[in-house]
Structures are given as structure tokens and as C-alpha cells.
Amino acid sequence: MTAAYRTMIRIRILEERIIESANRDEIVGFVHPYTGQEAVAVGVLAARRPDEWVVSFYRCHGHAVAAGLPLDGIVREILGRSGGLCGGKGGSMHLADRTRHFLGASSIVGSQLAIAAGVAMAEKSAAAGRATVVFCGDGALGTGVSFETLSIAATLGLPLVLVCEDNGWQDQTRSDLVRHRSPTELVAGLGIDHLEVDGNDVEAVHRAAGSLLDRCRRERRPQVLVARTYLRHYHAQVGAARPAEYRPADEVAYWRARDPLDIAAARADLTDAWRDRCREETVREVDETFAAALAAPPPDPATAAKQVTTGPVAAAGQVTTGPVAVAR
Ligand SMILES: Cc1ncc(C[n+]2csc(CCOP(=O)(O)OP(=O)(O)O)c2C)c(N)n1
Ligand SMILES: [Mg+2]
């Protein structure tokens, strides 16, 4: 439990530092903070095997940290610096690290399900018996591509574990205003194995994810975990521009009182002194990482067309044939 707590606070402090940086206009493009949802990434990814593929979406910082990607590479990528995980050219919404089986993150809502289903299709015929993990928001379950993907995954028996982070909102729209059924009801309607869990309770998430992953590896068919959670901050900001609070005050207060870090600390009897020390150590680590990243140069313009690969066939740094190469 202390390891889970450490990873959760690492995500929390990283996100708080990212928000500070965005407020100073140090980050180009959108930033989607993961604060409040830390227990989902940490609980799920502690249950995956390190060689199982993970596919994420634009709210990907927490998934990247929980998957064990290096903090330095994450921060440099978000700040658009050389040495970033994708050479500083992908930014906040596109963290990827194939060496750690973190395939990448997509900013097109729902598209990550189809990408992950393709990975699971390849894994189905492999001998390793691995599951593929994909994260999505609750709004993503309203997209056509998610239904097509879940339907084909169930039909073909793809070893896919979908983790739906149900924070009740999609950007500044309440999900129940635009979606006829809850994520659990939608998945149940498709006849897919699923569990619903308190997404702010890291232990409960870990237990549920562990059992779904086991069943997925054993029985080779899709599984869905719906984790009820909430964002502590807001949907996203661009540079320093962020929305005023758009959610009801009592709802925000309810969830703020259910902080996943507090729940984990109470469960493991972590003292305030231990938590303070842990916070201080993490703040120091994150501050040092940011200082080094901010001192690093932006990507060399000469590398602009490098790493524009279309698949494992292409060697790193090579531009493969196809529209991108033609456009050059
Ligand atoms: C196909 C597509 N439509 C719309 C958008 C704009 N958009 C970005 S995030 C978002 C809300 C998605 O909500 P949800 O899936 O619940 O995830 P959350 O942001 O709450 O984590 C929308 C509509 C997009 N990126 N892609
Ligand atoms: Mg949502």
C-alpha cells in the first residue's frame, strides 16, 4: 500500500506542477490534469504484467507514471523539450514509450479502443497469453467506435481489458445529459463481463483489475472495469486559460472529501508525519525534474520529420512510405 501511495502522490504533485507551468504559459497546447483519479491508474497498472500493452488517451500523465515511464522523459515531453519520450514533439496528450509497453495516447475520443483492439487481436494469436489494457473516459462510451470495438472484441474473443474512468462529465457537459445509460448498463447490454468499482479506493481497484486481468488472460475475451471517480480540478486548460468551476459546489465538495490519497493513507495507517515527508521528497524530485527539463533545448527543427513512423516495420527515426512521406 505504501508503494501505491507513493505512486499516487507522484502523480498528484506532477499534475500540480504541470498546472503551475501551464499557468506560466510554459506548455504549448492542451493539458488535461488527472488529479483525483490517481487510484484508477495506480490500482489497474499495479495488476498488469510489465510486458502487457497499455493504450491511453489524452488524460495520460497518470497512466504514464503508473506504468513506470521515466519522470524526466514525461516532463520533457509535456514541456516540448529534447529528451522527451517522443522527442518533445508529441506533447501532453501523446505520451508513448514502447520499451515499457506503453503504446501511446490518442486525443480522438474513443479511438484508443479501436487501436487497443488491434493490439489485442495480435496478442490473441501470440503464445504469451497477455492481456491488453486500454483506458477511456465515460464520455468515450457514447462514441460509435467504442460500440463497434466492444462488439467485435466480444465476437472475436479479444484479450482486452477496458478501464472506463467514469468521472460523470465530458468536458463541461454532464454525462447523464447526453448519454442514455450508465457505462455499466451499456457494457452489460453488450453482454460483456464487467465490474463496477469505487475508483477512489486503490485497493478495491487493484483487486477488481487483478481479477478481470486474470480472467482475460485465461478465457481470452474482453473485460470491462468501470471505475467511479471525479476530477479534482477541471477538464483541461490551454496555456493559462482554464475554465471557471462549471460543476455544482455540493458535488465538488462531496468528491473532494473522498480524496484517493486520504483513503489509501487511512487504510494503511500512514501517519501525517510520514505523508508530509513523502510529499516533501516528491516535491523535490518533481521540482528538480522540471528545472532540468526547462533548461533543455526544444527539439532540433532538423528532426521534425524523424520519428514519423507508421509502425514497427519502420526503424526508429525513419519516415515510412505513405502520405507523410509523400508530403515531404
Ligand atoms: C472524436 C472527438 N470528439 C470530440 C472531442 C473533444 N473532446 C475532447 S475531451 C472530450 C470529453 C470526453 O469525456 P470523457 O470520455 O468522459 O473523458 P474525460 O475527459 O472526462 O476524462 C471531448 C468531447 C475529441 N477530442 N474527439
Ligand atoms: Mg468523463
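Participant: When you look at the pattern of salt bridges in this model, what are you seeing that I'm missing?
Facilitator: Side chains that carry opposite charge are capable of pairing whenever their charged atoms lie near each other. Enumeration over the complete set of coordinates arrives at 27 salt bridges. The partner of Asp176 in a salt bridge is Arg174, and the shortest N-O contact between them spans 3.3 Å. Accessibility expressed as a relative area gives 27% for Arg174, which makes it partly exposed. Its salt-bridge partner being Asp193, residue Arg215 comes within 3.2 Å of it at the nearest N-O pair.

Participant: What's the story with the coordination of the magnesium ion (ligand 2) in this structure? I'm lost.
Facilitator: The expected angle between donors at a tetrahedral four-coordinate metal is 109.5 degrees. At an octahedral six-coordinate metal it is 90 or 180 degrees. Looking at the magnesium ion (ligand 2), the protein donor atoms are Asp138 (OD), Asn167 (OD1) and Trp169 (O), and they sit 2.1 to 2.2 Å from it. Sequence spacing of the donor residues for the magnesium ion (ligand 2), all on one chain, is D-x28-N-x1-W. Note that Asp138 is positioned in the loop between strand 4 (132-137) and helix 6 (144-156) and Trp169 in strand 6 (residues 169-170), a separation of 31 residues in sequence. With relative accessibility at 1%, the residue Asp138 sits in the buried group. For Trp169, a relative accessible area of 9% puts it in the buried group.

Participant: I would appreciate a short explanation of the pairing of strand 8 (residues 193-198) in the present structure.
Facilitator: Two faces, one strand: in a regular strand the side chains alternate between the faces of the sheet. Pairing analysis gives 6 bridges linking strand 8 to strand 9 (residues 223-228), with the strands arranged parallel. What sits directly across from His194, in strand 9, is Val224. Assessed by its sense of winding, the connection that carries the chain from strand 8 through helix 9 (residues 202-219) to strand 9 is right-handed.

Participant: Explain the environment of Pro159 here, please?
Facilitator: Tracing the backbone through its elements, the reader meets Pro159 in the loop between helix 6 and strand 5 (160-166). Judged by relative accessible area, Pro159 falls into the buried class, the value being 0%. As for Pro159 and Asp97, which are separated by 62 residues in sequence, their C-alpha atoms are 21 Å apart. Excluding anything up to four places from it in sequence, Pro159 contacts Ala120, Glu123, Lys124, Arg130, Ala131, Thr132, Cys216 and Arg220.

Participant: Just to check I follow, could you spell out the nonpolar core for this structure?
Facilitator: Generally speaking, nonpolar side chains in soluble globular proteins are found buried as a group. Within the largest apolar cluster, 62 residues are counted, with the highest numbers of intra-cluster contacts made by Tyr5, Leu14, Val44, Ile74, Phe135, Val163 and Leu225. With 9 residues, helix 1 (residues 2-23) is the largest single contributor of residues to this core. Once residues lying within four places of it in the same chain are set aside, the contact partners of Tyr5 are Leu261, Ala264, Ala265, Leu270, Trp274, Arg275 and Cys278. The next biggest cluster of nonpolar side chains, apart from the first, holds 20 residues, and it includes Ala117, Leu186, Ile192 and Val224.

Participant: Please explain the confidence of the model for the chain as it appears in this structure.
Facilitator: Predicted coordinates in regions of low pLDDT should not be interpreted in detail. Put simply, the chain has an average pLDDT of 93, and 94% of its residues get 70 or more. Between residues 313-328, whose pLDDT stays under 50, and residues either more than four places distant or in other chains, the model counts 19 contacts.

Participant: Please clarify how the pairing of strand 2 (residues 54-57) should be interpreted in this entry.
Facilitator: Both faces of strand 2 are covered, namely the face carrying Val54 and Ser56 and the face carrying Val55 and Phe57. Bridge count for strand 2 against strand 3 (residues 102-106) is 4 bridges, and the pairing is parallel. Looking at strand 3, one finds that Val55 is bridged to Gly104. Here strand 2 runs beside strand 4; their pairing, made up of 2 bridges, is parallel. Across the sheet, the residue bridging to Val54 is Val133, located in strand 4.

Thresholds, definitions, all that
Residues numbered from 1 in each chain as written. Chains lettered and ligands numbered in written order. Predicted model: local features only at pLDDT ≥ 70, side-chain atom pairs only at ≥ 80, totals over all residues. Heavy atoms only, no water. Salt bridge = Lys/Arg side-chain N within 4 Å of Asp/Glu carboxyl O. Buried < 20%, exposed > 50% of the residue type's maximum accessible area, 1.4 Å probe, protein only. Donors = N, O, S within 2.8 Å, 3.2 Å for Na, K, Ca; no water. Helix = DSSP H or I, 4+ residues; strand = E, 2+ residues; numbered from the N terminus. Pairing = 2+ DSSP bridges. Right-handed = clockwise from strand over helix to strand, strands pointing away. Contact = heavy atoms within 4.5 Å. Core = buried A, V, L, I, M, F, W, Y, C linked by side-chain atoms within 4.5 Å. pLDDT = per-residue confidence, 0-100.

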